[in-house]
Amino acid sequence: MVRNKILIVGLGLIGGSLAKAFKKCGYEIHAYDIDKSAIEKAICEGVVKERIDDLNETEDEYAFSFICVPVLESIPILGKLSSKIKNGIITDVGSTKTHICKYSIEHKIANFIGGHPMAGTEKIGYKYSFDELFNGAYYFITPTEMNRKEDIEKLKNLLQSIGCKVEEVDYVLHDKITAVISHLPHVVSAGLVNMLNSNEIYCKFAGGGFKDITRISSSSPKMWADISISNKNMLLELIDAYIELLKNFKTSLKSENYNEIFNYFEKAKIIRDTIVSDEK
Ligand SMILES: NC(=O)C1=CN([C@@H]2O[C@H](COP(=O)(O)OP(=O)(O)OC[C@H]3O[C@@H](n4cnc5c(N)ncnc54)[C@H](O)[C@@H]3O)[C@@H](O)[C@H]2O)C=CC1
Ligand SMILES: O=C(O)C(=O)Cc1ccc(O)cc1
């Protein structure tokens, strides 16, 4: 195992941004992607040293291997990597953690530690990646009892070196938190856009507020379909809770209960203003 070699599987927005950040810190990056053009571009830019053509031929030489593909693609890749990489740490960046962590426990992959950067954009692919994406961002890691303390420390140190604020959290709690703050909002955002139904007159006048609340609906459909399936149970519970909330608002509106309607908006304003004022 070579201390400064990192393997990135999936050189898109997140994999590319990690590659650029690690390269800046002096690591040598090797990469695998089904889309060879992304890797060729990264090699031309001097970000990636070598393209891996077949994961079944992976050498056990990487200090860290990052799986950065849509979440339903991650598990077969973890299966392949873990049969080859026995010394280095394998991690992922997927937006859901229960699925992959359970797989790692069932298959006794003790060198796998789940991870998830809480930073990103609605853009898709390597061309939108940038080295500062994770600087100052929270980054969840979801170690299990199988993991060695020194491996957890090594991963934390690596992530902190690119500016991440690392938070250790249980994988089930992770999926609950992200369902509330990320997965349900993406479902709602896409729903609001789908309400327009490509109607020209709506699209023409959809302005600032509409664009603010729906920016994230320009994200990768493949990525969000995978996340939805992978966090199905949490998401189903939250969709029910959200429907209930809308139903309550509907009841208040039907009866023109001014206080209830006012409270709906006031409560949201107070909570959101606190979140925004807490930002650095
Ligand atoms: N986009 C975002 O803001 C964030 C995304 N994530 C997670 O990061 C992961 C990657 O997302 P992005 O980089 O945004 O997506 P992306 O679409 O920009 O990049 C994914 C890359 O993986 C490659 N790929 C897909 N399937 C593959 C396979 N089977 N084998 C090898 N390569 C494959 C694609 O060709 C592409 O280059 C996802 O699991 C997502 O949940 C986590 C935090 C933020
Ligand atoms: O574009 C945005 O603001 C996002 O919401 C990015 C994002 C997408 C998926 C994640 O798991 C984490 C962050």
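Residues numbered from 1 in each chain as written. Chains lettered and ligands numbered in written order. Predicted model: local features only at pLDDT ≥ 70, side-chain atom pairs only at ≥ 80, totals over all residues. Heavy atoms only, no water.

Labelled according to an unreviewed UniProt entry, the chain appears under the name Prephenate dehydrogenase, originating from Caldicellulosiruptor diazotrophicus. Per its UniProt entry, the chain bears the Sequence similarities (unreviewed entry) comment "Belongs to the prephenate/arogenate dehydrogenase family." The record held by UniProt for the chain lists under Pathway (unreviewed entry) the comment "Amino-acid biosynthesis." (UniProt positions renumbered as here; feature names shortened; annotations may be inferred.)

Peer 1: Would you mind going over the site of ligand 2 in detail, with residue names and values included?
Peer 2: Taken together, Ser95, His116, Gly120, Thr121, Glu122, His186, Arg215, Ile216, Met223 and Trp224 make up all the residues around ligand 2. Ser95 places a side-chain nitrogen or oxygen 2.7 Å from an oxygen atom of ligand 2. Within the contact set of ligand 2, an oxygen atom lies 2.6 Å away from a side-chain nitrogen or oxygen of His116. When ligand 2 sits alone it has 340 Å² of accessible area, and the protein chains cover 82% of it. Two domains each provide a minimum of three residues to the shell around ligand 2, namely domain 1 (2–169) and domain 2 (174–278). (Near = heavy atom within 4 Å. Polar contact = N/O pair within 3.5 Å; in protein donor to acceptor, adjacent residues only side chain to side chain. Areas by Shrake-Rupley, 256 points an atom, 1.4 Å probe, with all protein chains shown as cover. Domains from an automatic or database assignment.)

Peer 1: For the pattern of salt bridges, give the residues involved together with the corresponding values.
Peer 2: Counted by the stated rule, this structure contains 17 salt bridges. The partner of Asp53 in a salt bridge is Arg51, with the nearest N and O atoms 2.9 Å apart. Overall, Arg51 belongs to the partly exposed group, its relative accessible area being 25%. For the salt bridge of Lys222 with Glu73, the shortest nitrogen-to-oxygen distance reads 2.9 Å. Here Lys222 is found in helix 9 (residues 221–230), whereas its partner Glu73 is found in helix 3 (residues 71–84), with 149 residues between them in sequence. Look at Glu73 and you get partly exposed, because its relative accessible area is 37%. One connected set of salt bridges, linked through shared partners, spans Lys24, Asp131 and Glu132. (Salt bridge = Lys/Arg side-chain N within 4 Å of Asp/Glu carboxyl O. Buried < 20%, exposed > 50% of the residue type's maximum accessible area, 1.4 Å probe, protein only. Helix = DSSP H or I, 4+ residues; strand = E, 2+ residues; numbered from the N terminus.)

Peer 1: Explain empty space enclosed by the protein to me, using residue names and the numbers behind them.
Peer 2: A complete count under the given rule lists one cavity of 30 Å³ or more for this structure. In this structure, the largest cavity encloses a volume near 40 Å³. Contributing to the lining of the largest cavity are Val71, Ser74, Ile75, Asp92, Thr96, His99, Ile100 and Ser230. Mapped by element, the contributors of at least two residues to the lining of the largest cavity are helix 3 and helix 4 (98–106). Counting residues per element, the lining of the largest cavity draws most heavily on helix 3, which supplies three residues. Considering only residue class, the lining of the largest cavity consists of three nonpolar, four polar and one charged. (1 Å grid on protein atoms, 1.4 Å probe; cavity = no way out; pocket = protein on both sides within 12 Å on 5 of 7 lines; lining within 4 Å. Points joined across faces, edges and corners; volume = space filled by probe spheres on them. Nonpolar A, V, L, I, M, F, W, Y, C, P; charged D, E, K, R; others polar.)

Peer 1: Please give an account of the layout of surface pockets that cites residues and values.
Peer 2: Taken as a whole, the second largest pocket encloses approximately 200 Å³ of empty space. What lines the second largest pocket is a set of 13 residues, and nearest its centre among them are Met1, Arg3, Ala63, Phe64 and Lys154. Mapped onto the lining of the second largest pocket, the elements with two or more residues apiece are strand 4 (62–67) and helix 5 (149–161). Among the elements that make up the lining of the second largest pocket, the one with the highest residue count is helix 5 (four residues).

Peer 1: I'd like a rundown of the site of ligand 1, residues and numbers included.
Peer 2: Not every one of the 27 residues close to ligand 1 is listed here, only the nearest: Ile14, Asp33, Val69, Ser95 and Gly125. In the environment of ligand 1, an oxygen atom lies 2.9 Å from a nitrogen or oxygen atom belonging to the backbone of Leu13. Between an oxygen atom of ligand 1 and a side-chain N or O atom of Asp33, the distance comes to 2.7 Å. For ligand 1, whose accessible area on its own is 830 Å², the fraction buried by protein is 88%. Every element with two or more residues in the shell around ligand 1 is listed here: helix 1 (13–24), helix 3, strand 6 (112–117) and helix 9. With three residues, the top contributor of residues to the shell around ligand 1 is helix 3.

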